[in-house]
Amino acid sequence: PRNRKEFSLIVLTNENRILIGLKHRGFGKGMFNSFGGKLEKGEDPVVAACRELHEETGISVTVKHMTESKIGILHFTFEDDPVEMCVHLFRVNVSCCGHATDKADNAASEQILVDPLTIRGCDEITPEWIENFYHIPLHNMFADDSIWLTFVLASKKKVVLDGWFHFLAGGQEVNTIHHHFVDI
Ligand code: 6U4
Ligand code: NA
Ligand code: NA
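Residues numbered from 1 in each chain as written. Chains lettered and ligands numbered in written order. Predicted model: local features only at pLDDT ≥ 70, side-chain atom pairs only at ≥ 80, totals over all residues. Heavy atoms only, no water.

Caption draft 1: View of the overall build of the protein chain. Tallying secondary structure elements over the protein chain gives 3 helices and 11 strands in all. Sequence-ordered secondary structure for the protein chain, helices as α and strands as β, is β-β-β-β-α-α-β-β-β-β-β-α-β-β. In terms of overall dimensions, the protein chain is globule-like: its C-alpha atoms have a radius of gyration of 16 Å, near the 16 Å expected for 184 residues. When burial is assessed residue by residue, the protein chain has 44% of its 184 residues classed as buried. (Helix = DSSP H or I, 4+ residues; strand = E, 2+ residues; numbered from the N terminus. Rg over C-alpha atoms; globule rule 2.2 N^0.38 Å. Buried < 20%, exposed > 50% of the residue type's maximum accessible area, 1.4 Å probe, protein only.)

Here you go:
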């Protein structure tokens, strides 16, 4: 539909750590968020996820791996804006070379090995590791993250999300219209 904009969003973890980004401009400026952005015209959500993750962190993930990392869709509507946001959601867990907590036996071909020293931001966003899921700055993130991100990180199994959130004017308060989160 005309009034819908599509995005990809990637939750990036390394075991019990999460990499989030402080936004310096654009939507969510001054707040922490996961990585991602708008789909280019005709672009596949998976390809956009790979592109945005690389632009914003320097981390490369193959299209195949990103395809397998899709965990759902979030929809956002706004009291003060007719444009609906449709966000394709991915969860990527990486292994950091040299990081003591990573299990050496997890050497499947699917593993994404990242050298933490190569992680870098861009003019738009500065990535930062949060060492423990309990320390995520939810007070300085979009209000819906408290609902779905905590569910994703708490789950030991693969999850599928379908979330609908409506932001009241001002953008501080969110109403959950509907969500269907399942562990599979
Ligand atoms: P430009 O500057 O045009 O290149 P771009 O990086 O393409 O921007 P941007 O920064 O507007 O797009 O993307 C916003 C990102 O924030 C997308 O990945 C979607 C995500 N996002 C939008 N609303 C969100 C929300 N309520 N909660 C959340 N992520 C949200 O966790
Ligand atoms: Na972005
Ligand atoms: Na972009």
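Caption draft 2: Up close: helix α1 (residues 45–57). Given a rise of 1.5 Å per residue, 13 residues ought to cover 18 Å, and the 18 Å separating the end C-alpha atoms of α1 matches this to within 8%. Counting buried positions along α1 gives 10 out of 13 residues, so the element sits mostly inside the fold. Those residues of α1 that are buried are in contact with β1 (4–14), β2 (17–23), β4 (35–38), α2 (63–68), β6 (81–93) and β9 (125–130). Capping the start of α1, Asp-44 holds a side-chain oxygen 2.8 Å from the backbone nitrogen of Val-46, two or three residues further along. Gly-58, located one to two residues past α1, shows a positive phi value of around 85°. (Expected span 1.5 Å × (residues − 1). Contact = heavy atoms within 4.5 Å. Polar contact = N/O pair within 3.5 Å; in protein donor to acceptor, adjacent residues only side chain to side chain.)

Caption draft 3: Highlighting the site of ligand 1. Contacts to ligand 1 come from 20 residues, most closely from Ser-8, Lys-23, Lys-38, Asp-144 and Asp-145. A distance of 2.8 Å separates an oxygen atom of ligand 1 from a polar atom in the backbone of Ser-8. For ligand 1, a nitrogen atom lies 2.7 Å from a polar atom in the side chain of Asp-144. Relative to its unbound accessible area of 660 Å², ligand 1 is 86% covered by the protein chains. Along the lines of polarity and charge, the residues of the shell around ligand 1 split into 8 nonpolar, 4 polar and 8 charged. (Near = heavy atom within 4 Å. Areas by Shrake-Rupley, 256 points an atom, 1.4 Å probe, with all protein chains shown as cover. Nonpolar A, V, L, I, M, F, W, Y, C, P; charged D, E, K, R; others polar.)

Caption draft 4: Seen up close, the environment of Leu-161. In this structure, Leu-161 sits in strand β10 (residues 159–167). In sequence terms Leu-161 and Trp-148 are 13 residues apart; their C-alpha atoms lie 8.0 Å from each other. If we skip the residues at most four places from it in the chain, Leu-161 touches Ile-71, Gly-72, Ile-73, Leu-74, Leu-89, Trp-148, Phe-151, Val-152, His-180 and Phe-181.

Caption draft 5: The arrangement of the coordination of the sodium ion (ligand 2) in detail. Looking at the metal site, the sodium ion (ligand 2) is ligated by Gly-36 (O), Glu-56 (OE) and Glu-124 (OE), spaced 2.2 to 2.7 Å from it. Expressed as a motif, the donor residue spacing for the sodium ion (ligand 2) is G-x19-E-x67-E. Here the sodium ion (ligand 2) and the sodium ion (ligand 3) are spaced 5.2 Å apart. Residue Glu-56 is located in helix α1, and its partner Glu-124 is located in the loop between β8 (113–114) and β9; the two are separated by 68 residues in the primary sequence. Across the pair, exposure class does not vary: Glu-56 and Glu-124 are buried alike. (Donors = N, O, S within 2.8 Å, 3.2 Å for Na, K, Ca; no water.)

Caption draft 6: Representation of the packing of aromatic side chains in the model. In the structure shown here, the tally under the stated rule is 5 aromatic pairs. Here the aromatic rings of Phe-76 and Phe-167 are separated by 5.9 Å at their centres, their planes lie at 55°, and the arrangement is tilted. Of this pair, Phe-76 sits in strand β5 (residues 70–78) while Phe-167 is found in strand β10, placing the two residues 91 residues apart along the sequence. Residue Phe-76 shares its accessibility class with Phe-167, and that shared class is buried. Between Phe-151 and Phe-181, the aromatic rings sit 5.0 Å apart at their centres with planes inclined by 35°, giving tilted as the arrangement. Note that Phe-151 is positioned in helix α3 (residues 145–154) and Phe-181 in strand β11 (residues 174–183), a separation of 30 residues in sequence. For Phe-151, a relative accessible area of 22% translates into the label partly exposed. The structure contains a cluster of three or more aromatic residues connected by ring pairs, namely Phe-76, Phe-78, Phe-165 and Phe-167. The ring of Trp-129 carries the charged tip of Arg-17 above its face, separated from the ring centre by 4.1 Å. (Phe/Tyr/Trp six-rings, centres within 6.5 Å; stacked < 30°, edge-to-face > 60°. Lys NZ or Arg CZ within 6 Å of the ring centre and 35° of its normal.)

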